[in-house]
Amino acid sequence: MRRAARLAAAALVLLAAGGAWAQPERIGSVDTAFQWLGRDHDIVVEAYDDPLVQGVTCYVSRARTGGIKGTLGLAEDRAEASISCHQVGPIRIAEPLARQQQVFSERISVLFKRLRVVRMVDAPRNALVYLTYSDKLIDGSPQNSVSAVPVPRETPIPVK
């Protein structure tokens, strides 16, 4: 009984932590196509702060499907996104980073399709590389975008 309660508590903590990563700050949007019913098709720009690297923010733009399905959350958004990551303050890395790690994930369809952002450490160049792509359970997309943030040499990147 206690084990089940501990597992449930751990699951809630993981969900809360994962949810915090998936909550971007919306910067703005532009309409791309008028829809008679429901919201218009648009492109949104969102900011994601790297949860393990203070001072780095990634800006992701992606298409969102409108209409009735989009308004109800039933539409499948396109698998196209663009990313631009920047140093927005002093870079501080509190703990060693994995050489490659997913840092953000967001659902872009009702089932099985996600937008993902992966951080990679380019240790020889002292840079952080961010890749965005979408995947689907059966058929993912090769559409992707990459951005790199050079880290000052006086701030070496600790790697696991």
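Since this is a predicted model, take the numbers as computed values, not measurements.

### Examining the state of the cysteines
Right, so step 1: Under the counting rule described, the total for this entry stands at 1 disulfide.
Right, so step 2: One disulfide in the model links cysteine 58 with cysteine 85; its S-S distance is 2.1 Å. Measuring the twist about the S-S bond at about 110 degrees, one finds the cysteine 58-cysteine 85 disulfide to be right-handed. Taken as a pair, cysteine 58 in strand 3 (residues 53-64) and cysteine 85 in strand 4 (residues 81-93) lie far apart in primary sequence, 27 residues in all.
Right, so step 3: Residue cysteine 58 is classed as buried on the basis of its relative accessible area, which comes to 0%.

### Side note on a nonpolar patch on the surface
Right, so step 1: Where nonpolar side chains cluster on the molecular surface, the patch consists of Ile27, Tyr59 and Val88 and spans about 270 Å² of accessible area.
Right, so step 2: Examined against the element boundaries, isoleucine 27 turns out to sit in strand 1 (residues 25-33).
Right, so step 3: The exposure class assigned to isoleucine 27 is partly exposed, which follows from its relative accessible area of 48%.

### Quick look at the packing of aromatic side chains
Right, so step 1: As enumerated under the stated definition, the model contains 1 aromatic pair in all.
Right, so step 2: Seen from their ring centres, tyrosine 48 and phenylalanine 104 are 4.8 Å apart, and the 45 degrees between their planes marks the pair as tilted. A residue pair is termed long-range when its members are at least 10 positions apart, and tyrosine 48 in strand 2 (residues 41-49) and phenylalanine 104 in strand 5 (residues 100-107) qualify at 56 residues. The same class applies to tyrosine 48 and to phenylalanine 104, which are both buried.

### Some thoughts on the pattern of salt bridges
Right, so step 1: The final tally for this structure, using the stated rule, is 3 salt bridges.
Right, so step 2: Here arginine 62 makes a salt bridge to glutamate 46, at a shortest N to O gap of 3.6 Å. Linking arginine 62 in strand 3 with glutamate 46 in strand 2, this pair joins segments that are 16 residues apart in sequence.

Cut-offs and rules
- Residues numbered from 1 in each chain as written.
- Predicted model: local features only at pLDDT ≥ 70, side-chain atom pairs only at ≥ 80, totals over all residues.
- Heavy atoms only, no water.
- Disulfide = S-S within 2.5 Å.
- Helix = DSSP H or I, 4+ residues; strand = E, 2+ residues; numbered from the N terminus.
- Buried < 20%, exposed > 50% of the residue type's maximum accessible area, 1.4 Å probe, protein only.
- Patch = residues over 30% accessible without salt bridge, like charges linked within 9 Å, V, L, I, M, F, W, Y side chains within 5 Å.
- Areas by Shrake-Rupley, 256 points an atom, 1.4 Å probe, with all protein chains shown as cover.
- Salt bridge = Lys/Arg side-chain N within 4 Å of Asp/Glu carboxyl O.
- Phe/Tyr/Trp six-rings, centres within 6.5 Å; stacked < 30°, edge-to-face > 60°.

Everything listed here is a matter of geometry and, on its own, says nothing about what the molecule does.
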